[in-house]
Amino acid sequence: MTPVEERLRRRILLTGPITVAEYMAACMTDPDGYYARREPFGVTGDFVTAPEITPMFGELVGAWLVNAWMADGRPTPFDLVELGPGRGTLMADILKVARAQPDFFAASRVVLVEASDRLKKVQRERLTPLHPAVRWASGPVGERAIYCVANEFFDALPVRQFVRRGSVWHERTVGLGACGQLVFGLSPFGAPLEQADDAADGTVREVRPRADALMEEIAGAIAAHAKGAALVIDYGYDGLPQDGSAETLQAVRNHQPVDVLADPGFADLSAHVDFAALESAARRSGAAVHGPVGQGTFLLALGLLERAGQLGAGSDAATQEAIHAAVQRIAGEAEGEMGALFKVLAVTARAENVPGFAVEATRERC
Ligand code: SAH
């Protein structure tokens, strides 16, 4: 039994079943949880993120952030914020671009929001040689204007699940089975879920209160300063899937799907990001929203192919082939590629079109 499971069993025995969100939080961020103990990234880990595939990803994100700062009239000083920086690879590539813009670099302080002490250490080693002011904070918002990025962060935040039974929603729970094992259950109490009330019996919905609150906080800071920008990049859906059900919580270990309740703390748990929910959270705070567009559309509009051409020019065939494969992986839209599955949402102070989001992709929602 994993240390997290041991603790969870004791807790449930004492205080009763917990919500799926509480289960997910315990698995991921407990002192013995996934991010504290496991090395999730890379071919030997459980998943590979876009910045770990190629530096071109971080360079284009960096260029987008610099551009947003310039369009705001170069506010000084400001916070360059990353949520869930992992191994620090994305921020390292952003800082490479920032260095070429001395005014941006000098005005910036790097603020990292990271739950895992182990990863904080990795980030410290990687990033403190690249910037004189790197700090860790419990949230993205401080006194200064923020230019912020979150790649594969919101998908890791806990989801609550609700199941439709007859005309009532019930929250899904994790409790103990006859042999003391972890099992899913349903709260006997009806839940007041503000979601389509004509849903069919058995429909599952996921709600992410922590993600919505964070987005409100970020967008609120951008609206209050009338400056700043945030990019959210993740896999997810924009509007509910056709059957109206959204049960997307999954566990992945060594690149393979595994049972969500098996070996808690050893597998990566994540769920698709509900972009429409983030969008309305941002709008509630008075900020402008752009997208979401596919990651492929976004990166190509920012010049991914041109950057790949520059990088490949004059290099040998094997290097060119590797660059081509990386482009295909992060921007291609076929199965197993990230270009369509991953989406990009931007939040800014003003509604003007911003790079990467074609005019027709920017929708007004009431
Ligand atoms: N952005 C990186 C890493 C993505 S993995 C990349 O693209 O490679 C998710 C990251 O979010 C990890 O660094 C993880 O420790 C962090 N994280 C997960 N849940 C968190 C939480 N609730 N608060 C802060 N950081 C969290």
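Just above sits the structure.
Read on for a plain summary of the structure. (Residues numbered from 1 in each chain as written. Predicted model: local features only at pLDDT ≥ 70, side-chain atom pairs only at ≥ 80, totals over all residues. Heavy atoms only, no water.)

## So, the sheet that holds strand β12 (residues 256–258)
What counts is decided by this rule: By the convention used here, strands pair only if DSSP detects at least 2 bridges between them. Helix and strand assignments come from DSSP, with helices taken as H or I runs of at least 4 residues and strands as E runs of at least 2, each series counted from the N terminus. Axis angles are defined between N-to-C directions and span 0 to 180 degrees, where every axis is a line fitted to C-alpha atoms and, for a helix, only to the segment in contact.
Ordered by their spatial adjacency, 3 strands build an open sheet running β12-β11-β13, and the pairing between neighbours is antiparallel. On the outer flanks of this sheet lie β12 and β13 (268–270), each paired with one strand and no other. Within this sheet the neighbouring strands show an average axis-to-axis angle of 40°, counted without direction. Sheet topology places strand β11 (residues 250–253) next to β12; 3 bridges connect them, and they run antiparallel.

## Description of the site of the ligand
This is how it is decided: Here a residue counts as near a molecule or strand whenever at least one of its heavy atoms sits within 4 Å of it. Polar contact criterion, stated in full: a pair of N or O atoms within 3.5 Å, where within protein one must be able to donate a hydrogen and the other to accept it, and residues adjacent in sequence count only if both atoms are side-chain atoms. Note on areas: these come from Shrake-Rupley sampling with a 1.4 Å probe, and a residue is covered only by the protein chains present in the view. By the convention adopted, Pro, Cys, Tyr, Trp, Phe, Met, Ile, Leu, Val and Ala count as nonpolar, Lys, Arg, Asp and Glu as charged, and the other residues, Gly among them, as polar.
Taken together, 17 residues surround the ligand, and among them T49, G84, G86, E114 and N151 come closest. Within the contact set of the ligand, an oxygen atom lies 2.6 Å away from a side-chain nitrogen or oxygen of T49. Between G84 and the ligand, the recorded distance is 2.7 Å, taken from a backbone N or O atom to a nitrogen atom. Notes on the ligand: free accessible area 570 Å², of which the protein chains cover 92%. Each residue belonging to the shell around the ligand can be placed in one class, and the counts come to 10 nonpolar, 4 polar and 3 charged.

## Notes on the pairing of β11
In terms of strand pairing, β11 meets β13 through 3 bridges, oriented antiparallel. Bridge pairing in β13 places Q250 opposite S270. Connecting the antiparallel pair β11 and β12 is a turn made up of 2 residues, with N254 showing a positive phi of about 50°.

## What to know about the packing of helix α9 (residues 209–225) against helix α10 (residues 275–284)
Defined as follows: Crossings are sorted by hand: turned counterclockwise from the far helix by less than a right angle, the near helix makes the crossing left-handed, and turned clockwise it makes it right-handed. Contacts were defined at the residue level, with two residues in contact if any of their heavy atoms lie within 4.5 Å.
Closest axis-to-axis distance for the α9/α10 pair is 8 Å, and the angle between their directions is 35°. Regarding α9 and α10, the two cross each other, and that crossing is right-handed. For the pair α9 and α10, contact is made by A211, D212, M215, E216 and A219 and by A277, L278, A281, A282 and R284, respectively. When the residues that make up the contact of α9 with α10 are grouped by side-chain class, the tally is 7 nonpolar, no polar and 3 charged.

## So, the side chain of D234
Worth spelling out the cut-off: Relative accessibility under 20% of the residue-type maximum defines a buried residue, over 50% an exposed one, and the middle range a partly exposed one, all with a 1.4 Å probe and only protein chains included. When charges are counted, neither His nor the chain ends are considered; positive counts come from Lys and Arg and negative counts from Asp and Glu. Each salt bridge in this description consists of a side-chain nitrogen of Lys or Arg and a carboxyl oxygen of Asp or Glu lying within 4 Å of one another.
Topologically, D234 is positioned in strand β10 (residues 229–237). It turns out D234 is buried and unbridged, and the closest side chain with the opposite charge, R208, is 7.2 Å from it. One polar contact links the side chain of D234 to the main-chain amide nitrogen of F153, over a distance of 3.3 Å. A polar contact is formed between the side chain of D234 and the backbone nitrogen of F154, at a distance of 3.2 Å. Each residue touching D234, except ones within four places of it in the same chain, is listed here: E152, F153, F154, D155, V273, F275, L341, F342 and K343.

## Looking at the pattern of salt bridges
Throughout the structure, instances matching the rule amount to 19 salt bridges. Among the ionic pairs, E5 bridges to R9, the shortest N-O distance being 3.1 Å. One end of the pair, E5, and the other, R9, are both in helix α1 (residues 3–15), 4 residues apart, so they sit about a helical turn from each other. On the accessibility criterion, E5 (10% relative accessible area) is buried. Accessibility expressed as a relative area gives 22% for R9, which makes it partly exposed. Here R283 and E279 are joined by a salt bridge, their closest N and O atoms 3.5 Å apart.

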